[in-house]
Amino acid sequence: MENTQISLRVLPCEHREKDVSMTKIKRETYLWYILSGVIILAPVVGYPLVEFFRLSFSKWVLEESTAYFNSGRNFLEIFRDPLVWNSLKLTAIFTGLALLCEHVLGFGLALLLKRTSLSKILPLYAIPMFFPPLAAVVVWLNMFNPQFGVVNYLLTFFGISPQAWVFSFKLAIPSLIIVDAWQWAPFPMLIFTAGLTTIPQRVYEAARINGASSWYIFRRITLPLIKPFLLISILYRLIYLLTTFDLIAAMTEGGPGDATLTIYYLIWRNTFQFVKVGYGASISLLVLIATIVICTVLINATKSKEA
Amino acid sequence: MLEKSRRMWFLIGIILLVMSFGFCVSAVEVMQPEDASIDWQQCAGQEINILDIAHSTSMILEPMIPQFEKLTGIKVNHLMMDENKMRVKRTEDLLAGAGRYDIHQIGLTIVPQYYKAKWLEDLTPFIGDASLTDPEFFDYEGIGKPLRDGQIFNDYICAIPNMFCGVYPHYRTDILAEAGMWFPQEWEDVPSLYMPKLKTFMSNTYKIPAFVTRGKKGAGANTAYASMLHRDWGGEWFDEKGKPIFNSPEGVAALECYADCMDPANGAPIGGEGLGMYEIRQMFYLGQVASILTSGDLVGMFDDPTTSNIVGKWDATIAPRGPVKRTCLLWTWAYGMSSHSKKKDAAWLFIQWATSPATMLQWGAQVPPPRLSLWESEEFRKIREIHPGWVDAERWALLFGMPDCQPLIPEFPEWGEYYGIAIANVIAGRQTAQEALDLACKQVAKVVGYSE
Amino acid sequence: MQRNSYKKISTILFTVLGVILLLFALFPVYWLVQLSLKIPREALVMPPKWFFIPIVDNYVALVRSGNFTRALLNSLIVMAVPSFLSLVASLPMAYGLSKTSARVVRDNLSFWVLSLRMLPPIVVLIPFYVMFTRAGLMDTVWALIIIYLTVDMPIAVWLLKGFFDDVPYETIAAAKIDGYSEWEIFYKIHVPIIKSGIVVTGMMCAIFNWAEFLFAMTLTDHKALTIPVAIFQYMSFGRINWGLLASAGVLGIVPMLIFMIVIRKHLVRGMTLGVAK
């Protein structure tokens, strides 16, 4: 079973391109296929998208409940708003650390499970991923509670005094990262496990026979072959992290003070509390552009890694 | 001069309270809906949607709604949810102009913003319309004046209050009795004398913090309570020209006192800068803190045997005073009618019914009614025996409470955001009170459009 | 010889580490379950009561409230239907994108479809609110189905395209020689080959649909609410009813767990296929 999978991957793409005569006839058919999808998506997404762009260049006037076009002034205001910069910084820190923890943990787990006989119970490790984020928040809020939380209780056995976790400036982001890593480390773990299975055992054996140490094998063989999987995982998780804020909204609501006011939460605040809908849309536009840029970079990195 | 008149008002208040004790001989008399002079069935067959919070007032009202449906033939969809989620849905509905909900639950501090946005229907014509309102049955003036005034702008009545609460300290009667202590009358004594002494006393027995108040930032969250102290020190928010001046020496002193009350060294719990209203209430009714500053509508919660560990073991006291005056924050929730509603008459019939003395009398003493007359009822007499301090404190709030402790401006959410962050930073010790308030004033100035 | 014993010791150490991590992963699950089996007052004592008599009052209250069973049903519908529909709608599009020789279309369009997913949902909330109100779809499962469909499709198209890309050319060539028509090549050859990939894509969509909160809360009231919304209702009025919350959480996970058990064979295999794209 595994061997056929590998042959699928190793085939270079050029073979397909060469058979031009076949593909020429098919062009129209494929385009019809594509169009079918577009037809389904366009109507529902079209209007909100247009509204979104319009709003991001407008100022919402509270008295009249409408938006007036004000060209790019929103963006000037964004540039000068310290809250936005603070949020961007926090978002970068949080997203970066979260991705790091998820993937280190996930990768470690994948290697660990492969090495030991625990791989049979792999699905058990994936259970946190299937929690609705709100349920995860509920249980972790309960466990992190400074007064009656079980985490503080267990810490006393290690001689650590009770911590305020999500209620303290210093520990708010680490608490969020713990919860995020707990819930989503299984995702990279699954992807990496899949990736590890594509490396044929023969390669390892050959390396061993040639006297390579475990560390060398890891660095020169495992890692490079895993890279495409790593990038896919990061891409997917990045998009998810940048477009949802269920975790933050439920656990800290922006955190003690402004400790966890990520950019997404700031957009929420501006739109729904301050009723500055145009401003919120402008910030979203910038976030969208930044996300697209980052993802493009990542995807290109994936492409260039093709074996 | 000011001091004298304050004292006089206080004396009058005490006299009124004492007098009203004497009046509790008979049960309160109210007019029943059936006796009202209007035709309740005039909107029969319509359906209205109400967006409400999962609050004791709403939860008590919920089983009574079939009464209303039978009386008027109007179908009512009463949706209750957490107040933060409700605010989001409310904003969406009003922003989109969808008119999906006919009646919204409106908090006191958001009324200016909604008034500016013209999202609420003016209720004055409804009250004045004899075919829709029976003045005796509805008794608009029977609702406490400060509460009513908070909802009126330029003679435009935005909403009708259906509950109120004051904010004042609650404490554990058993613990304080054991320690032989009283809750202080001056705010300055709380972190300097009361808390350390209680903390020392409890360090061998209860091992719980002495006092806690709101630390979590948010407009109307920690800002509400800190604003009480701000006023007690004589601080103001804006001067005549609209410049933010809450970084005055009074404001700084008030904030420092507030932050001291949340200092773990003095006996407050850890993580103060993030403790919000849900957390501190939970701590109190689980018996994990000895005293707390909180709103006064929690009798039902604190005396609920299934969740509370302190049933009957608590009481409250009138809010302490600052150097300049004694203020008590007054908060109301009120029913407002959406200006996009398509069934305004039917909605008005509901609002009238739900806030009438007849309906509120049925609540018993579970929820503090915004009508002074109802405090004479049998149920409140019973409660007074267990929690006398609470009854007095709540009535004091109804008579003398200050609805505009916080600035009632359309930009309230932004003001609250910056001020709230400042408070949290000071509590956590990341900034001094002066620095934090200077920054907040600068930010608020930009928001309200004030420039030098 | 030495290598062998080294291997044995390291295996044992790693196994121990793995077990510890498993405990870390599963402890919150245990905690949630035990929270749901206690009265809130008992659940929140410190030190925690490890041994207790479980009660089912929370679950009874939950089921009796009627709300939760409705939420469960809605969540199931809203998880399965959009996933299925988006698979059906995305398969042709992904196939077309994968096979077309118009490279401009292939590379750019697939990226732009994916970028739809990168849109912060908040900004489209209000327009959607207005749209659905005018169409009379508020508080119906159809509103959620439509929204989730438009969120699932970009991811589905992107993933499925990757799977399609990896079907070996020999298979296609062989099929053409055997005289299969274009549609048959798609339907009878490609689709079965990437079966695991389809399952995995469906799983991704299902997980997202199940857990999605923002749109669910905005567009539903009491008729079409889903589980995350129902859970949040119990965090109300300063009284976080841990018992009800926990039992709601537990019941919210069970369907997903069942789902996971059913598809566990495809989990790893599906991730392998075409992930390299």
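Keep in mind the model is a prediction, meaning the values are calculated, not measured.

Overview of the overall build of chain A
No. 1: Secondary structure summary: chain A contains 15 helices and two strands in total.
No. 2: Looking at chain A as a whole, 57% of its 307 residues are labelled buried.
No. 3: In chain A, the share of contacts with a sequence separation of at least 24, taken over all contacts with a separation of at least 6, comes to 68%.

Here's the deal with the confidence of the model for chain A
No. 1: Scored by pLDDT, chain A comes out at a mean of 80, with 89% of its residues at no less than 70.
No. 2: Confidence drops under pLDDT 50 across residues 1–25 of chain A; counting only partners more than four residues distant or on other chains, this segment forms 27 contacts.

Focus on the domain arrangement of chain C
Residues and elements named next belong to chain C.
No. 1: Along its sequence, chain C is organised into domain 1 (2–36) and domain 2 (62–271).
No. 2: In this complex, domain 1 contributes four residues to the contact, which on the side of domain 2 involves seven residues.
No. 3: Interface area lost by domain 1 to domain 2 is led by Leu32, Leu35 and Ser36, which between them contribute 87%.
No. 4: Where domain 1 packs against domain 2, one counts zero salt bridges.
No. 5: For the pair domain 1 and domain 2, the interface holds zero residue pairs in polar contact (both at pLDDT 80 or more).
No. 6: Broken down by class, the residue content of the side of domain 1 that touches domain 2 amounts to three nonpolar, one polar and no charged.

Some points on the packing of helix α19 (residues 412–427) of chain B against helix α20 (residues 433–448) of chain B
Residue and element names in this part refer to chain B.
No. 1: Where α19 meets α20, the axes come as close as 9 Å, and the angle between the chain directions of the two elements is 170°. In this view, α19 runs roughly antiparallel relative to α20, as classed from their interaxial angle. On the side of α19, the interface is formed by Glu414, Trp415, Tyr418, Tyr419, Ala422 and Val426, while α20 contributes Ala433, Ala436, Leu437, Ala440, Gln443, Val444 and Val447.
No. 2: Residues belonging to the contact of α19 with α20 are distributed by class as follows: eleven nonpolar, one polar and one charged.

Re the interface of chain C and chain A
No. 1: Between chain C and chain A, the contact holds 104 residues from the first and 99 residues from the second.
No. 2: Counting the surface chain C buries against chain A, the share from its top three residues, C:Met118, C:Ile122 and C:Tyr169, is 7%.
No. 3: Applying the counting criterion to the chain C and chain A interface returns six residue pairs in polar contact (both at pLDDT 80 or more).
No. 4: Considering every element that reaches the side of chain C that touches chain A, the biggest residue donor is helix α1 (residues 2–36) of chain C, with 20 residues.
No. 5: Split by residue class, the side of chain C that touches chain A holds 77 nonpolar, 13 polar and 14 charged.

Overview of the domain arrangement of chain A
Residue and element names in this part refer to chain A.
No. 1: The domains assigned to chain A are domain 1 (14–56) and domain 2 (75–306).
No. 2: Contacts between the two partners involve four residues from domain 1, matched on the other side by eight residues from domain 2.
No. 3: Between domain 1 and domain 2, roughly 470 Å² of surface is buried when both sides are summed, and carbon and sulfur atoms account for 79% of that area.
No. 4: A per-residue breakdown of the area domain 1 buries against domain 2 is headed by Phe52, Leu55 and Ser56, which together make up 88% of the total.
No. 5: The interface formed by domain 1 and domain 2 includes zero salt bridges.
No. 6: Joining domain 1 to domain 2, the criterion identifies one residue pair in polar contact (both at pLDDT 80 or more).
No. 7: Partitioning the side of domain 1 that touches domain 2 into residue classes produces three nonpolar, one polar and no charged.

Section: a nonpolar patch on the surface
No. 1: On the surface, A:Leu154, A:Phe157, A:Phe158, A:Ile160, C:Tyr30, C:Trp50 and C:Phe51 cluster together into a nonpolar patch covering about 830 Å² of accessible area.
No. 2: Along the polypeptide, A:Leu154 turns up in helix α8 (residues 150–156).
No. 3: The class for A:Leu154 is partly exposed, based on a relative accessible area of 33%.

Looking at the pairing of strand β10 (residues 330–337) of chain B
All names here are of chain B.
No. 1: For β10, a buried count of eight out of eight residues is recorded, marking the element as mostly surrounded by other parts of the structure.
No. 2: On β10, burial covers both faces: Leu330, Thr332, Ala334 and Gly336 on one face and Trp331, Trp333, Tyr335 and Met337 on the other are all buried.
No. 3: Bridge count for strand β3 (residues 103–107) against β10 is five bridges, and the pairing is antiparallel. Counted as the bridge partner of Gly107 is Trp333 from β10.

Calculation notes
- Residues numbered from 1 in each chain as written.
- Chains lettered and ligands numbered in written order.
- Predicted model: local features only at pLDDT ≥ 70, side-chain atom pairs only at ≥ 80, totals over all residues.
- Heavy atoms only, no water.
- Helix = DSSP H or I, 4+ residues; strand = E, 2+ residues; numbered from the N terminus.
- Buried < 20%, exposed > 50% of the residue type's maximum accessible area, 1.4 Å probe, protein only.
- Contact = heavy atoms within 4.5 Å.
- pLDDT = per-residue confidence, 0-100.
- Domains from an automatic or database assignment.
- Buried area = accessible area lost by both parts, 1.4 Å probe.
- Salt bridge = Lys/Arg side-chain N within 4 Å of Asp/Glu carboxyl O.
- Polar contact = N/O pair within 3.5 Å; in protein donor to acceptor, adjacent residues only side chain to side chain.
- Nonpolar A, V, L, I, M, F, W, Y, C, P; charged D, E, K, R; others polar.
- Axes fitted to C-alpha atoms, helices over the stretch in contact; angles between N-to-C directions.
- Parallel < 35°, antiparallel > 145°, perpendicular 65-115°, else oblique.
- Patch = residues over 30% accessible without salt bridge, like charges linked within 9 Å, V, L, I, M, F, W, Y side chains within 5 Å.
- Areas by Shrake-Rupley, 256 points an atom, 1.4 Å probe, with all protein chains shown as cover.
- Pairing = 2+ DSSP bridges.

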